[in-house]
Amino acid sequence: MTQQPLAGITVLDFSTLLPGPLASLMLAEAGAKVIKIERPGGEDMRFFPPKAGPTSALYAMLNRGKTCIELDLKDPAAREQVLELVDTADVVLEQFRPGVMERLGLGPQALTTRNPRLVYCSITGFGQTGPRALEAGHDITYMALTGLLALSCGTAEVPVLPPAQIADIGGGSFPAVMNILLALIARERSGHGAVLDIAMCDAMFTLALFAQAKLTATGKAPGNGADLLTGASPRYRIYTAADGGLIAVGALEEKFWTALCDTLGLSQDERDDRRDPDGAGRALAAAFAAQDTAYWAPRLAAADCCAAPLADLAEAFLDPHFRERGLFDFEVTTGDVALPATVVPIAPIFRGGRSAKAPV
């Protein structure tokens, strides 16, 4: 097996809940030794339902393979213990509000002075600077304030929540891992670590790339559900079959659109979405509504037209494609319970064993 690329790297993780723990999990999966520092009694995620064995299933899935130490960081003796760990650490990861680690004597200046090779990464909602730096927020807050949520949020009567923690993961975990790895590469050349300021809000503008292009080109931001990828085009929508099943269509390119329209039996006039996008959308909706999901699924697959029924998570877990790719081969054990491990985007050749224990 290829040696794990982060073997020999030690990470001190002071983070809680989702963004930081998922980031340190990815580092651990690539071979890093992660020491998780929790408050006495454990962090909040330990108590989130549902339970699996002695702890939360979420906690177990996010923190497998890590070593947990419970310390009261307000205790001088505990801080001394942390400082001893810092001397041999490569990365510190934290997600307190700005100023908290400084007040504890564990801020970036103090720790990088003590260990100049240290990569110190802070994850916050709004960053270390700026008027909102000290404001509280959650995933939905960051999407709301950056314009991302307004691009597709349903109607005023039936507002729709995003199906994933987009800011936490796409704005926190992933950028943190990427920049930590960049800092470790840079350290090999310079001999010095880095201080990283990861703001979950910042990456929301990256995720709104298509809308940004329209805004900068026309001076007008797209409205709710009014852009190519948020519902304005009949080529990129969710339609309802006769049995109430939902079908996701992403037939943007002409070859896929033609294959889809042929499968649905649409006439040339009905499929002309450039002349009449609303009419084309109605034609697609009527066609899909004429048959059940089971009728459409094999026909859409055979047409290879970027359209497929919505699977729920349980169905997706049984999909032969994902099974063959080994996405669910890894597991986490907590007490006597074994769970499928969180799927992380670390290539299998860089990952370690297929089973790891959750901290107790």
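Residue numbers here run from 1 along each chain, matching the order of that chain's written sequence. The model is predicted, so local features are restricted to residues of pLDDT at least 70 and side-chain atom pairs to those at 80 or more, both for listing and for counting; the totals for chains, interfaces and linings are taken over all residues. Calculated side-chain values reflect all of the structure's heavy atoms, with hydrogen atoms and water omitted.

Going by the annotation in an unreviewed UniProt entry, the name recorded for the protein chain is Crotonobetainyl-CoA:carnitine CoA-transferase CaiB, with Stappia indica given as the source organism.

Take the packing of aromatic side chains next. Stacked, tilted and edge-to-face are the three classes assigned to paired rings of Phe, Tyr and Trp, where Trp is represented by its six-membered ring and a pair needs centres within 6.5 Å; plane angles under 30 degrees give stacked, over 60 edge-to-face, the rest tilted. Evaluated as defined, the whole model comprises five aromatic pairs. Relative to Trp 296, the ring of Tyr 295 lies with its centre 5.0 Å away and its plane at 85°, an arrangement referred to as edge-to-face. When a residue's accessible area, from a 1.4 Å probe over protein chains only, is under 20% of the maximum for its type it is buried; when over 50% it is exposed; and in between it is partly exposed. Relative accessible area serves as the criterion here: at 31%, Tyr 295 is assigned to the partly exposed category. Under the relative-accessibility criterion, Trp 296 is labelled buried at 3%. Among the aromatic residues, those joined into a cluster by ring pairs are Tyr 239, Phe 288, Tyr 295 and Trp 296. Lying across the ring of Tyr 295, Arg 299 places its NZ or CZ 3.7 Å from the centre. The ring of Phe 330 has Arg 354 lying over it, and the distance from NZ or CZ to the ring centre is 4.9 Å. In this scheme, the term charge over a ring applies when either NZ of a lysine or CZ of an arginine sits within 6 Å of the ring centre and within 35 degrees of the ring normal.

To continue, consider the environment of Leu 27. Every helix listed is a DSSP run of H or I at least four residues long, and every strand listed is a run of E at least two residues long, numbered separately from the N terminus. Within the secondary structure layout, Leu 27 lies in helix 1 (residues 19–29). Sequence separation between Leu 27 and Pro 5 is 22 residues; the distance between their C-alpha atoms is 9.5 Å.

Ranked by size, the top nonpolar core spans 43 residues in total, and within it Cys 121 and Ile 180 carry the most contacts. Among the secondary structure elements, those contributing two or more residues to this core are helix 1, helix 2 (57–63), strand 6 (91–94), strand 7 (119–124), helix 6 (139–145), helix 7 (166–190), strand 8 (194–199) and helix 8 (202–207). A contact between two residues is defined here by any heavy atoms of the two lying within 4.5 Å. Not counting residues within four places of it along the chain, the set of residues in contact with Ile 180 comprises Leu 27, Val 91, Leu 93, Val 119, Cys 121 and Leu 196. In terms of nonpolar packing, the next biggest core, distinct from the first, is built from 21 residues, Leu 266, Ala 283, Trp 296 and Ala 307 among them. We call a set of buried Ala, Val, Leu, Ile, Met, Phe, Trp, Tyr and Cys residues a nonpolar core when their side-chain atoms join them within 4.5 Å.

Glancing now at the domain arrangement of the protein chain. The domain boundaries here were taken from an automatic or database domain assignment. Partitioning the protein chain into domains gives domain 1 (10–206) and domain 2 (236–310). Just the C-alpha atoms count here: the centres of domain 1 and domain 2 sit 42 Å apart.

This part is about the pattern of salt bridges. The working definition used for a salt bridge is a side-chain nitrogen of Lys or Arg within 4 Å of a carboxyl oxygen of Asp or Glu. Scanning all chains against the criterion turns up 15 salt bridges. Asp 272 is the partner of Arg 275 in a salt bridge, and the nearest nitrogen-oxygen pair spans 3.5 Å. Where Asp 329 meets Arg 354, a salt bridge forms, and the shortest distance between an N and an O atom there is 3.6 Å. Of this pair, Asp 329 sits in the loop between helix 15 (320–324) and strand 12 (331–334) while Arg 354 sits in the loop between strand 13 (337–340) and strand 14 (355–357), and the two are 25 residues apart along the sequence. Connected via shared salt-bridge partners are Arg 235, Glu 254, Asp 273 and Arg 274.

Once that is clear, we can look at helix 9 (residues 209–218). Buried residues are scarce in helix 9, accounting for one of its ten residues. One or two positions beyond helix 9, positive phi appears at Gly 219, with a value near 80°.

Now for a nonpolar patch on the surface. Taken together, the side chains of Leu 209, Phe 210, Leu 228, Leu 229 and Tyr 236 present a nonpolar region at the surface, about 470 Å² in accessible area. Where the nonpolar patch is concerned, the elements lending two or more residues are helix 9 and helix 10 (228–232). Checked against the element boundaries, Leu 229 lands in helix 10. Taking relative accessible area as the criterion, Leu 229 reaches 31% and is therefore assigned partly exposed. Here, patches come from residues exposed beyond 30% relative accessible area and free of salt bridges, joined within 9 Å for like charges and within 5 Å for nonpolar side chains (Val, Leu, Ile, Met, Phe, Trp, Tyr). Computed with a 1.4 Å probe, the accessible areas rest on the Shrake-Rupley method; for each residue, only the protein chains presented here act as cover.

What follows is about the packing of helix 11 (residues 254–264) against helix 12 (residues 277–288). Each axis is a line fitted through C-alpha atoms, and for a helix only the stretch in contact is used; angles between axes span 0 to 180 degrees, taken between their N-to-C directions. Viewed as axis vectors pointing N to C, helix 11 and helix 12 meet at an angle of 50°, and their least axial separation amounts to 10 Å. What the angle tells us is that helix 11 and helix 12 run oblique. For the pair helix 11 and helix 12, the crossing hand works out as left-handed. On helix 12, the residues that touch Trp 257, Leu 260 and Leu 264 of helix 11 are Ala 280, Leu 284, Ala 287 and Phe 288. Taken together, the residues that form the contact of helix 11 with helix 12 break down as seven nonpolar, no polar and no charged. Any angle that falls under 35 degrees is termed roughly parallel, while one over 145 is termed roughly antiparallel, one within 65 to 115 roughly perpendicular, and all others oblique. Rotating anticlockwise by less than a right angle from the far helix to the near helix defines a left-handed crossing, while the corresponding clockwise rotation defines a right-handed one. Throughout this entry, Asp, Glu, Lys and Arg are counted as charged residues, while Ala, Val, Leu, Ile, Met, Phe, Trp, Tyr, Cys and Pro are counted as nonpolar. The remaining residues, Gly among them, count as polar.

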